[in-house]
Amino acid sequence: MQGLMMQQPLLVASLLMHAERHHSDREIVSRRVEGDIHRYRYQDLAQRARRMANALESLGVARGERVGTLAWNGYRHMELYFAVSGSGSVLHTLNPRLHADQLVYIIEHAQDRVVFFDLTFLPLIESVAPRVTSPIFFVAMTDRAHMPSDHALGSRLLCYEDLIEGHSADFDWPLLDENSASSLCYTSGTTGNPKGVLYSHRSTLLHTYAAALPDSLNCSARDAILPVVPMFHVNAWGLPYIACMVGAKLVFPGPALDGKSLYQLIEQEQVTLSAGVPTVWQGLLSHVESVEGSFSSMRRTIIGGAPCPTAMTTAFQERHHVDVLHAWGMTELSPVGTVCSFKAHQTALPEAERYALQAKQGRSVFGIDMKIVDVAGKELPWDGCAAGDLLVRGHWVTHEYFGGDYASPLNDGWFPTGDVAKIDPDGFMQIVDRSKDVIKSGGEWISSADIENVAGLHPEVATAVCIAARHPKWDERPLLLIVKKPGSALEAQELLTFFDGRVAKWWKPEAVLFIDAVPIGATGKVLKNKLREQYGDYYMSL
Ligand code: ADP
């Protein structure tokens, strides 16, 4: 017997329609590339998105065709999120931190018909444009007054605000198949070419519901959300969609991601919830500490994309009264997979145990199932000790990469994440390492994440990175690379002694090297492969 409920497709445009109807006056504030602060309301967003949907039609963009964006977090980018997907074409967010060769590859592979870009990226677009044939137009996301007069794009260059002004705000969002594609995001491809992950309207909506929940990213109409995580990287962890669903105020940082600018914005706009990778928060914390500042409104921050060091959790929670929500996910998962929020019996745990729990990446949100397996594919127990390959499946997990030129990544219906993890009896998953980063010492595994976490607790350590270095006797041993806090005279031996009693003896690194800075990749994460190339033979030459 069939149920007797309405069939309404889950569509991205419905999020905007909801926000316009129920939260029309809620603000969206953006720091613009032009330098000033722009503010408007959800009703303005909705109206301009409809104008842009008409503009896309006039540019000849057909349903299912891809539209690229090369842009910071801001209101025009938000308009494109809804105008493109809502009208039935596919929003393809491009990562401006990628090398021009990779951008050329991605634009051609996706066959983007139009590429929208922030003025910051004009030189990049000029270098890419002669090498790509699929885009007919490039649209500068600015007004007529700020349009570049001298450029190499000829008649392919259009002005965003001209398109908005030239088109009507009357547009009926089409009733699409909920399984049709809504957006496309390429993995950053630290090895090989980037691969495209193609989200559907349905997967996006289900992800939005689940990610907004109190035990997930915990978003509500009373929040002012600052997504520092870029809209060009896995849709800013879904926050633009979530904000529409719950009616939260949105605060976009534009290109100004330094600690000082972020702090100003957080205070000025009374941000309550922010989201970003640990490297960005490092900058914010250093600034706030240097000016002896405090957060007057921010009460929660979501940290993910890389392990959140316990030292960072402590700094936010103890010094600044900002709760840390440690989360794990990946492009292939839209991205939210697990979030570390306490279960009832854990709230009263002693402080040290709660911090140990918060170092874990957390438990599955409803909609994601996970398991760990050994090399033979046999499922491992959830005992907090056994570590194995982490596999997931769920409503918003990819089953195939875009373009049809790759074999399905699935393993018996499960997606292999490339991460090695443990799961404890409460269902809290902890990433031991990415499988390519794990240190194999004498046939046993050492978690580089754990070593980094301990080193980060030393008060004079700014950044700690642990890599597998080849070793004549043990195959690999941990090598610790440290950026010291300014003015620190920390010695290697002192830091090594700090490990005594904090990790098993054989986990202790053999050596510490002090470096000036760590290389950061396109998504704000430490490029361990670069460090391995540079320092991987350190023990071989001793
Ligand atoms: P890439 O970095 O390859 O572009 P993603 O941005 O999708 O791809 O990153 C996904 C990977 O980032 C995960 O597989 C995992 O290794 C790592 N990651 C994400 N969140 C966390 C976290 N909280 N702790 C540790 N690692 C994380």
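Coordinates for the structure precede this section.
Rules used throughout
Residue indices follow the written sequence of each chain, beginning from 1 at its first position. With pLDDT at 70 or above as the cut-off, local features in this predicted model cover only qualifying residues; side-chain atom pairs require 80 or more to be listed or tallied, and sums for whole chains, interfaces and linings still use all residues. Hydrogens and waters are ignored; side-chain quantities use all the structure's heavy atoms. Here a pair means two rings of Phe, Tyr or Trp (six-membered ring of Trp) with centres within 6.5 Å. Their orientation is stacked below 30 degrees between planes, edge-to-face above 60, and tilted elsewhere. Note on conventions: DSSP H or I runs of at least 4 residues are helices, E runs of at least 2 residues are strands, and numbering of each starts at the N terminus. Buried residues are those whose accessible area, probed at 1.4 Å on protein chains only, stays under 20% of the maximum for their type, while exposed residues exceed 50% and partly exposed ones sit between those limits. Criterion for a charge above a ring: Lys NZ or Arg CZ within 6 Å of the ring centre, and within 35 degrees of the ring normal. Polar contacts, as counted here, are pairs of nitrogen or oxygen atoms within 3.5 Å of one another; within protein the pair requires one atom able to donate a hydrogen and one able to accept it, and residues that are adjacent in sequence qualify only if both atoms are side-chain atoms. Any two residues whose heavy atoms approach within 4.5 Å are treated as being in contact. Any two strands with at least two DSSP bridges between them are considered paired. Simply put, an axis is a line fit to the C-alpha atoms, just over the touching stretch for a helix, and the angle between two N-to-C directions goes from 0 to 180 degrees. By convention in this text, a residue qualifies as near a molecule or strand provided that one of its non-hydrogen atoms is within 4 Å of it. The method behind every accessible area is Shrake-Rupley, applied with a 1.4 Å probe, and residues are considered shielded solely by the protein chains displayed. Under the grouping applied here, Gly and all other residues not named as nonpolar or charged are polar, the nonpolar ones being Ala, Val, Leu, Ile, Met, Phe, Trp, Tyr, Cys and Pro and the charged ones Asp, Glu, Lys and Arg.

> When you look at the packing of aromatic side chains in this model, what are you seeing that I'm missing?
For any two aromatic rings, the description comes down to two numbers: the centre-to-centre distance and the angle of the planes. In the structure shown here, the tally under the stated rule is 11 aromatic pairs. For the ring pair Trp281 and Phe316, a centre distance of 6.3 Å and an interplane angle of 85° mean the geometry is edge-to-face. Placement of the pair is Trp281 in helix α11 (residues 278-290) and Phe316 in helix α12 (residues 310-320), with a sequence separation of 35 residues. The residues Trp281 and Phe316 share a single accessibility class, namely buried. The ring of Tyr401 has Lys195 sitting right over it, with the charged end atom 5.1 Å from the ring centre.

> Looking at this model, I keep getting lost on the side chain of Thr417. Mind explaining?
Following the sequence through the fold, Thr417 ends up in strand β19 (residues 415-423). With a relative accessible area of 7%, Thr417 lands in the buried category. At 3.0 Å, the side chain of Thr417 and the backbone nitrogen of Asp419 are in polar contact. Each residue touching Thr417, except ones within four places of it in the same chain, is listed here: Trp328, Met330, Leu390 and Val392.

> Could you clarify how one ought to interpret the sheet that holds strand β1 (residues 27-31) in this entry?
By definition, the strands of a sheet pair up through backbone hydrogen bonds, in either a parallel or an antiparallel sense. Strands sit in the order β2-β1-β11-β10-β12-β13-β14-β15-β16 across an open sheet of 9 strands; the sheet is mixed. Each end of this open sheet is capped by a strand with a single partner; those strands are β2 (37-41) and β16 (363-364). As paired elements, β1 and strand β11 (residues 249-252) share 3 bridges and run parallel to each other. Its bridge partner lying in β11, Ser30 is registered against Phe252. Along the sheet, helix α2 (residues 42-58) contacts β1, β2 and β11; its crossing angle with β2, the most-contacted strand, is approximately 90°.

> Help me understand the site of the ligand, please; the structure alone is not making it clear to me.
Surrounding the ligand, one finds 16 residues, the nearest of these being Ser188, Ala327, Thr331, Asp419 and Lys525. Between a nitrogen atom of the ligand and a main-chain N or O atom of Ala327, the distance comes to 2.7 Å. Note that an oxygen atom of the ligand is positioned 2.6 Å from one of the backbone N or O atoms of Thr331. Expressed as a share of its isolated accessible area of 560 Å², the protein-covered part of the ligand is 93%. Partitioned by chemical class, the residues of the shell around the ligand number 5 nonpolar, 8 polar and 3 charged.

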